[in-house]
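Descriptive analysis of the structure
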Amino acid sequence: MPVHRRFRDRIRIGPVEVATYHDGRGRDRHTAACTAPGCGYSSDYADRSAAELAARTHRCRV
């Protein structure tokens, strides 16, 4: 069964979007995902600052 997440506090840093969501255990989690076609980069973090740092330092190979 697919997981349906509600993202909030979304920002865009270059081609990467950073957003906050609640995981299945009620904790706040933060994700950074590249929106460039064919890139496929995404990562989850416990800290918002870590997700924003990953978005700032991400370089697409596409």
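Structure: see above.
Now for a description of the structure that goes with this document. All figures in this text were calculated on a predicted structure; none of them were measured in a lab.

1. Here's the deal with the overall build of the protein chain
Across its full length, the protein chain carries 1 helix and 4 strands. Listing the helices and strands of the protein chain from first to last along the sequence gives β-β-β-β-α. On C-alpha atoms alone, the protein chain measures out to a radius of gyration of 12 Å, which is about the 11 Å that the 2.2 N^0.38 rule sets for 62 residues. Taken along its principal axes, the extent of the C-alpha atoms in the protein chain is 35 × 30 × 15 Å. Counting the 62 residues in the protein chain, one finds 26% classified as buried. Contacts in the protein chain between residues at least 24 apart in sequence constitute 23% of all its contacts with a sequence separation of at least 6. Looking at the protein chain, you have 12 positive and 7 negative side-chain charges, and the mean spots of the two groups are 4 Å apart.

2. Comments concerning the sheet that holds strand β2 (residues 16–22)
Sheet architecture is open: 4 strands sit in the order β1-β2-β3-β4, paired in antiparallel fashion. This sheet does not close on itself; its edge strands, each paired only once, are β1 (8–13) and β4 (42–45). Shown here is a sheet whose adjacent strand axes are inclined to one another by a mean of 20°, direction ignored. In this sheet, β2 lies alongside β1 in antiparallel orientation, the contact comprising 4 bridges. Residue pairing for β2: Ile11 is matched across the bridge by Val18.

3. Concerning the pattern of salt bridges
Following the criterion strictly, the structure yields 7 salt bridges and no others. Its salt-bridge partner being Arg12, residue Glu17 comes within 3.1 Å of it at the nearest N-O pair. A salt bridge links Glu52 to Arg56; the shortest N-O distance between them is 3.7 Å. Of this pair, Glu52 and Arg56 both sit in helix α1 (residues 48–57), separated by 4 residues, roughly a single helical turn. One salt-bridge network, in which partners are shared between bridges, spans Arg8, Asp9 and Asp28.

Parameters and conventions
Residues numbered from 1 in each chain as written. Predicted model: local features only at pLDDT ≥ 70, side-chain atom pairs only at ≥ 80, totals over all residues. Heavy atoms only, no water. Helix = DSSP H or I, 4+ residues; strand = E, 2+ residues; numbered from the N terminus. Rg over C-alpha atoms; globule rule 2.2 N^0.38 Å. Buried < 20%, exposed > 50% of the residue type's maximum accessible area, 1.4 Å probe, protein only. Contact = heavy atoms within 4.5 Å. Lys, Arg positive; Asp, Glu negative; His and termini not counted. Charge placed at Lys NZ, Arg CZ, Asp CG, Glu CD. Pairing = 2+ DSSP bridges. Axes fitted to C-alpha atoms, helices over the stretch in contact; angles between N-to-C directions. Salt bridge = Lys/Arg side-chain N within 4 Å of Asp/Glu carboxyl O.

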